[in-house]
Amino acid sequence: MSVLDRKLLRDFWALRGQVLTIALLIGAGVAVLVMSVSSFLSLRAAQQSFYAESRFAEVFAEVKRAPRTLLARVAEIPGVAVVEGRVGGEARVDWPGAEVPVAGRVLSLPVSGEQPALNRLRLLAGRLPEPSRHDEAAIHAAFAEAWRMRPGDEVAVILNGRRERFRIVGIAHSPEFVFTSRPGSPLPDDRGFVVLWANEEAVARAFDMQGAFTEAVLTLAPGASEAAVIAELDRVLLPWGGRGAYGRRDQPSHRFLEDELAEQRTLAVTVPLVFFGIAAFLLNVVLGRMVEAQRDQIAALKALGYPPFPIATHYAKFVAAICLLGSALGIAAGAWMGAGMLGNYRPFFRFPELPYLLPVWLPLLAAVASFAVALLGVLAALRRILRLPAAEGLRPARPSAFVGGAAGDVGRRLGARARIPLRGLLGRPLRTLLTVFGIALAVPMVVLGLFWWDAMDSMVELQFDRIERGDAFVALTDPRPARAVREMARLPGVLAAEGQRIVPVRIRAAQRSRLLAVTGLPAGAELRVPRDADLRPVPIPRDGIALSRRLAERLGVRAGDIVQVEVLEGARRVHDLPVAALVEDIIGFTALMEIGALNRLMREDDLVSHVALRVDPLAAEALWRHLAERPRVAATNVKAVWLRVFDEVIAGLVLTSAVTLTCFGIIIAVGVVYNSARVALQERGWEMASLRVLGFTRREVARILLAELAVAVLVAVPLGLVLAQWFVGLILGARDNESFDVPPAISTATFATAALVVLGAALASAVVVRRRIDRLDLVAALKARD
Amino acid sequence: MLRRTPMTTASDAAPPAGKTEATGAPPVFVARGLCKSYGSGDATVHALRDLDLDILQGEFVVLLGPSGSGKSTLLNILGGLDAPTSGRAAWRDHELTGADEAALTAYRRDHVGFVFQFYNLIPSLTARENVELVAEIARDPMRPEEALALVGLSHRLDHFPGQLSGGEQQRVAVARAIVKRPDALLCDEPTGALDVETGKLVLSAIARANREVGATTVVITHNAAIAGMADRVLRMGGGRIVATERNARRLAPEELVW
Ligand SMILES: Nc1ncnc2c1ncn2[C@@H]1O[C@H](COP(=O)(O)OP(=O)(O)OP(=O)(O)O)[C@@H](O)[C@H]1O
Ligand SMILES: [Mg+2]
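Residue positions are given per chain, counting from 1 as you read along its sequence in written order. Going through the entries in the order they are written, you letter the chains from A and number the ligands from 1. Per-residue local features are limited, in this predicted model, to residues with pLDDT of at least 70; the limit for side-chain atom pairs, both in listing and counting, is 80 or more; totals at the level of whole chains, interfaces and linings are taken over all residues. The side-chain quantities take in all heavy atoms of the structure and omit both hydrogens and water.

1. Digging into the overall build of chain A
Thinking step 1. Think of it this way: any DSSP run of H or I at least four residues long counts as a helix, any run of E at least two long counts as a strand, and we number them from the N terminus. A count of helical and extended segments in chain A gives 21 helices and 20 strands.
Thinking step 2. The principal-axis extents of the C-alpha atoms in chain A amount to approximately 100 × 55 × 50 Å.
Thinking step 3. Out of the 786 residues belonging to chain A, those deemed buried represent 55%.
Thinking step 4. What makes two residues a contact is simply this: any of their non-hydrogen atoms within 4.5 Å. In chain A, the proportion of contacts linking residues at least 24 apart, taken out of those at least 6 apart, comes to 81%.
Thinking step 5. For chain A, the exposed surface amounts to about 33200 Å²; the carbon and sulfur share of it is 60%.
Thinking step 6. Positive charge is attributed to Lys and Arg, negative charge to Asp and Glu, and no charge count is given to His or to the chain ends. In this description, the location of a charge corresponds to atom NZ of lysine, CZ of arginine, CG of aspartate or CD of glutamate. Taking the 92 positively charged and 77 negatively charged side chains of chain A as two groups, their mean positions are separated by 10 Å. Burial classification: accessible surface area is computed with a 1.4 Å probe over protein chains only, and a residue below 20% of its type maximum counts as buried, one above 50% as exposed, and the rest as partly exposed. Here the Shrake-Rupley method, with its probe set to 1.4 Å, supplies the accessible areas, and only the displayed protein chains count as covering residues.

Structural data, given as structure tokens:
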């Protein structure tokens, strides 16, 4: 080991506190990088291999009823590679354990008994139904696992109002249902939502669709234009009640997965930069100080004929060693967090396999990235080493020249003791600024961690206290006369019932278009209350359509503009409607009309397709059981169940991220405050020891030294709170997630906690440094500087 | 002129070498059997060996001796910065040995003024503010301007240390030491980093403080010429006081020949 390397080790040990805190910052950056990139890659790999293996379709279309012979015409559309027709329908499963009716879908499998050409199933257990058996079905793994089902179990399924029994022969994953949730819910509810696959004949018979199909799925030939195929497909299907074809982008499972992948990508880029940036700044200060203190040694080495380059390399090695330590910690933590993240994903995303992938280049990349940023931070210090003239070191140490300037005039009226920290702050404005900014960045970290609780609270508040005021929401198998609402209102336990009509539409504004559902509400509806941005109830417009603000933004329209509404049910007419009002929503995109106006648009009578209920809690359970039995009920969504699922699924995730981000915030605050205090002590230890000799007490000296940091912290915390608000807005704004919106509401408690965490971390760091101040060697201070 | 007294060695003299015969003024510093050693075993360094010393009220004492003879160690113990390994040291009725950190801090704060070889000024404070800093924590200080006038620096009040010469900085340090009207003024090589003329300015500032504030003064130096300023000159060697000289007349710094 060379002598310089031995010096390196001693420096490393002497500065271990600083080395460790900076390594932790680098480690946090590396950890986030490794975690988010590895979980991104793992998800992406699982997605790609599953999609490829199962031949996931690229275009999807639903139609009311089309003859199978039409499929040949679809196959002829230029750009279509493979097309497959199938029958799909709503299924309700009467499952004894479920407290509320289980909603679901049933899909047909080819008559041949073979795997479908597209969207093949991956069987985890059992087999596909025999072609001759109409009472066999495969079931989606999510529901099967939630209820511990095995091949051989039986289920009672209500199809089209008729009760049938199926024997489960296989448990399967499907690329269409990687993410499954009840329609309209952004969260999976494995116990309350089911997908079944049965023989085509069985499904067709249940829905009276013999010789017909209701869904076409297809893949595109290489180089084909999706938009062109969709347009042509729509044209072909239109006479048969086509509901508008869509690409993968609008396929619910795929879109949810893509939204999540996009969030991981954002995380992978932004958060590590914050950590590396702060680490680079601290390394700059710490190494700058080290070079300053060892200036004479460097000069002496140079004077002795040592070439400058190995000397600079020596210091670069010091930085590299810190990065190496940080990277090692970060890679271990990142791999652990990444694997944990994937564990969190498993209940959300149902892949046959979701192995954790950590490619070898990733840790290397993370380590190199951290080193590159760190080197950038210490460039100035290294340059100083290369340029330092040898003669410098042979001159006696001079006390650092403070010649006042603007900072000199400050604090004339304050006592001499207060002037020292004040001039310290103002004498090095850039360093002060970066210190304040660095500490301030700890606040948004903690806020971002805690904020999700607020967000979830306000999401639930807005969606379920203010807007959806009913206790349950019943979907009917098909639109019924308004009398159905009155019938339901008379059921025992029902306190109030309101009918709604929900119709699929495509809304166009200029070049943009969206597929969504328009909800028709009775004027004065009480169980569903649309609200404006100030949460005031918005009266349901008599003419025109009320759009969700988020949707209006995406369509680029404002209140008063005209949008084109193409009804994708019944007689598929196109209407121009004025946007009458903008309303708030959280989940999905809302479009509202007065129910009478909507029915007139459809040229239909007073029909309802859904019923919102207010329910007596004491009679609720009996009511759910009764609704499960009722023939015309397709599904019942119960608010209380939804809220419980929400809590179960989200609470764990939010807690994990809150703990992680709070730790990160603490790492930042401690890193900046501890290092600033240590460097201040290194730079001014001699001054402080002199003061001690002059009779200043330990407390007085500590106050003088730490006052500078106290001021920095006190400025940083409010700044951090402002930054936090801004960051949250920024992150939520950048979050292009259509599945659900996160309101940027941060509670006072979150702000207060974040401020206290950062103040606490700063205080703890100060206490550690204070102990060093107490141990200042007075006699040594008198011998010479440094 | 120096009046030389016969040299006595600390080991065989009946009265301890540093002790004076009764001359009216009471002793303020009393040291008995002071020992200070560093390390252990073969590597033990004895900085002070069984040293006895009395210093009288208002006396001006110069400590001479080769490097490593224990001068700074002795001064630091008297100033309450360091503790002896054994023996005792006291300032009037304050026992310095065995006192805790807080008591020693209070002792330094209330009674002692220090001047060091490297000035030890706060670079971010002006001359006036450096002096004011100590005045702020003193019981009955002079005005900082007054202290700076005593060392002849009335015209440099608002300069930062970086804008002052070494001699000026050292005079600021003297002003800072005397602003609290200390009972004892302890100076460790105050002219060590200065040239002759500047050194004389600093010494006269110290002498003036000794006279006008009445502070008992101990000055360490390598420069035997300075000894002429003292009431008494103590020569140290090997951790002991090896000789004591008494001057009949104290020379003014201007009269010293370097
Ligand atoms: N911290 C220490 N550790 C070990 N030995 C020490 C320490 N401090 C002082 N010494 C030793 O104690 C002895 C006396 O030191 P001291 O500083 O009192 O000498 P001095 O007379 O002031 O010398 P100089 O004129 O060079 O300042 C020396 O031999 C020195 O090496
Ligand atoms: Mg000395």
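Next comes the rest of the write-up.
2. Observations regarding the sheet that holds strand β2 (residues 45–56) of chain B
Residues and elements named next belong to chain B.
Thinking step 1. Taking strand neighbours across the sheet as the criterion, the four strands line up as β2-β1-β4-β5 in an open arrangement whose pairing is antiparallel. A strand with exactly one partner marks an edge of an open sheet, and here the two such strands are β2 and β5 (94–95).
Thinking step 2. The pairing of strand β1 (residues 27–38) with β2 spans eight bridges and is antiparallel. Looking at the pairing, alanine 31 lines up with leucine 53 of β2.
Thinking step 3. Across the sheet, helix α1 (residues 71–78) is in contact with β1, β2 and β4 (86–91); its angle to β2 comes to roughly 55 degrees. Only when DSSP finds a minimum of two bridges between them are two strands counted as paired. Axes here refer to lines fitted to C-alpha atoms; in helices the fit is confined to the stretch in contact. Angles between the N-to-C directions go from 0 to 180 degrees.

3. Thoughts on the pattern of salt bridges
Residue and element names in this part refer to chain A.
Thinking step 1. Take a side-chain nitrogen of Lys or Arg and a carboxyl oxygen of Asp or Glu: if they are within 4 Å of each other, that pair is a salt bridge. As enumerated under the stated definition, the model contains 57 salt bridges over all chains in all.
Thinking step 2. The partner of aspartate 5 in a salt bridge is lysine 317, and the shortest N-O contact between them spans 3.0 Å. Taken together, the residues span a long stretch of sequence, with aspartate 5 in helix α1 (residues 3–14) and lysine 317 in helix α9 (residues 308–345) at a distance of 312 residues.
Thinking step 3. Using a relative accessible area of 21% as the deciding quantity, one classes aspartate 5 as partly exposed.
Thinking step 4. Lysine 317 gets classed as partly exposed once you look at its relative accessible area, which sits at 38%.
Thinking step 5. Notably, a salt bridge pairs arginine 167 with glutamate 136, separated by 3.7 Å at the nearest N-O pair. On the criterion of sequence distance, the pair formed by arginine 167 in strand β8 (residues 162–173) and glutamate 136 in strand β6 (residues 136–140) is long-range, its members being 31 residues apart.
Thinking step 6. The class for glutamate 136 is buried, based on a relative accessible area of 2%.

4. Focus on unusual backbone geometry
Thinking step 1. A positive phi angle, close to 50 degrees, is found at alanine 510 of chain A, a residue other than glycine.
Thinking step 2. Position of alanine 510 of chain A relative to the elements: it lies in the loop between β13 (494–509) and β14 (512–521).

5. Describing helix α5 (residues 166–178) of chain B
Residue and element names in this part refer to chain B.
Thinking step 1. Expected span, for any helix, means 1.5 Å times one less than how many residues it has. Helix length check: α5 (13 residues) gives 18 Å between terminal C-alpha atoms against 18 Å at 1.5 Å per residue, within 8%.
Thinking step 2. Most of α5 is tucked away: 12 of the 13 residues are buried.
Thinking step 3. Looking at α5, one finds that the buried residues are Gly167, Glu168, Gln169, Gln170, Arg171, Val172, Ala173, Val174, Ala175, Arg176, Ala177 and Ile178.
Thinking step 4. Residues of α5 that are buried in the fold lie against β6 (112–115), α3 (127–135), α4 (144–150), β7 (184–188) and α6 (196–212).

6. Some remarks on the confidence of the model for chain B
Thinking step 1. Each residue carries a pLDDT value, the predictor's own confidence for that position, ranging from 0 to 100. Confidence along chain B averages 84 in pLDDT terms, with 90% of residues attaining 70 or more.
Thinking step 2. Both scores are available for the predicted complex, with the pTM at 0.77 and the ipTM at 0.81.

7. Notes on the domain arrangement of chain A
Thinking step 1. Just so you know, the domain bounds were taken from an automatic or database domain assignment. Domain assignment breaks chain A into domain 1 (88–208) and domain 2 (494–615).
Thinking step 2. Computed over C-alpha atoms, the centres of domain 1 of chain A and domain 2 of chain A are 32 Å apart.

8. Examining the side chain of aspartate 82 of chain B
Thinking step 1. Position of aspartate 82 of chain B relative to the elements: it lies in the loop between α1 and β4.
Thinking step 2. When residues no more than four places from it in sequence are discounted, the contact partners of aspartate 82 of chain B are Val779 of chain A together with Lys36, Tyr38, Asn76 and Ile77 of chain B.

9. Notes on the sheet that holds strand β11 (residues 246–247) of chain A
Residues and elements named next belong to chain A.
Thinking step 1. Spatially, the four strands line up as an open sheet ordered β2-β10-β1-β11, and their pairing is antiparallel. The sheet is open, and its two edges are formed by β2 (80–86) and β11, each paired on a single side.
Thinking step 2. Contacts from helix α6 (residues 226–237) reach β1 (59–67), β2, β10 (212–220) and β11, with the element oriented near 10 degrees to β1.

10. Some points on the interface of chain A and chain B
Thinking step 1. At the interface, 32 residues of chain A touch 29 residues of chain B.
Thinking step 2. Each partner contributes to the roughly 2900 Å² buried at the junction of chain A and chain B, and carbon and sulfur atoms together form 61% of this total.
Thinking step 3. Put simply, arginine 417 of chain A and glutamate 136 of chain B hold a salt bridge, and the shortest N to O gap is 3.0 Å.
Thinking step 4. What qualifies as a polar contact is a pair of N or O atoms within 3.5 Å, subject to a donor-acceptor requirement within protein and to the restriction that residues adjacent in sequence count only when both atoms come from side chains. Scanning the region where chain A abuts chain B turns up 11 residue pairs in polar contact (both at pLDDT 80 or more).
Thinking step 5. Secondary-structure elements contributing two or more residues to the side of chain A that touches chain B are α12 (416–427), α18 (639–693), α19 (698–734) and α21 (778–783) of chain A.
Thinking step 6. A per-element tally of the side of chain A that touches chain B places α18 of chain A first, with six residues. Simply put, the buried area is the total loss of 1.4 Å probe accessible area from both parts when two parts are fitted together.

11. Here we look at the site of ligand 1
Thinking step 1. Neighbouring ligand 1 are 14 residues; Ser67, Lys71, Ser72, Thr73 and His222 of chain B lie closest to it.
Thinking step 2. Mapping the residues near ligand 1 onto chains gives chains A and B.
Thinking step 3. Tyrosine 38 of chain B has a polar side-chain atom sitting 3.4 Å from a nitrogen atom of ligand 1.
Thinking step 4. In the environment of ligand 1, an oxygen atom lies 3.0 Å from a nitrogen or oxygen atom belonging to the backbone of glycine 70 of chain B.
Thinking step 5. Its free accessible area being 630 Å², ligand 1 has 65% of it covered by the protein chains.
Thinking step 6. The dominant element in the shell around ligand 1, judged by the number of residues it contributes, is α1 of chain B, at three residues.
Thinking step 7. Polarity classes work like this: nonpolar for Ala, Val, Leu, Ile, Met, Phe, Trp, Tyr, Cys and Pro, charged for Asp, Glu, Lys and Arg, and polar for all others, with Gly in that last group. Here the residues of the shell around ligand 1 are counted per class, giving four nonpolar, seven polar and three charged. Residues are counted as near a molecule or strand when any one of their heavy atoms sits within 4 Å of it.

12. Quick word on α6 of chain B
All names here are of chain B.
Thinking step 1. Counted at 1.5 Å a residue, the expected span for α6 with its 17 residues is 24 Å, and the 24 Å between its end C-alpha atoms agrees.
Thinking step 2. Those residues of α6 not exposed but buried are Thr198, Gly199, Lys200, Val202, Leu203, Ala205, Ile206, Ala207, Ala209 and Asn210.
Thinking step 3. Buried residues along α6 sit against β3 (60–64), α5, β7 and β8 (216–220).
Thinking step 4. Glycine 214 sits one or two residues past α6 and shows a positive phi near 75 degrees.

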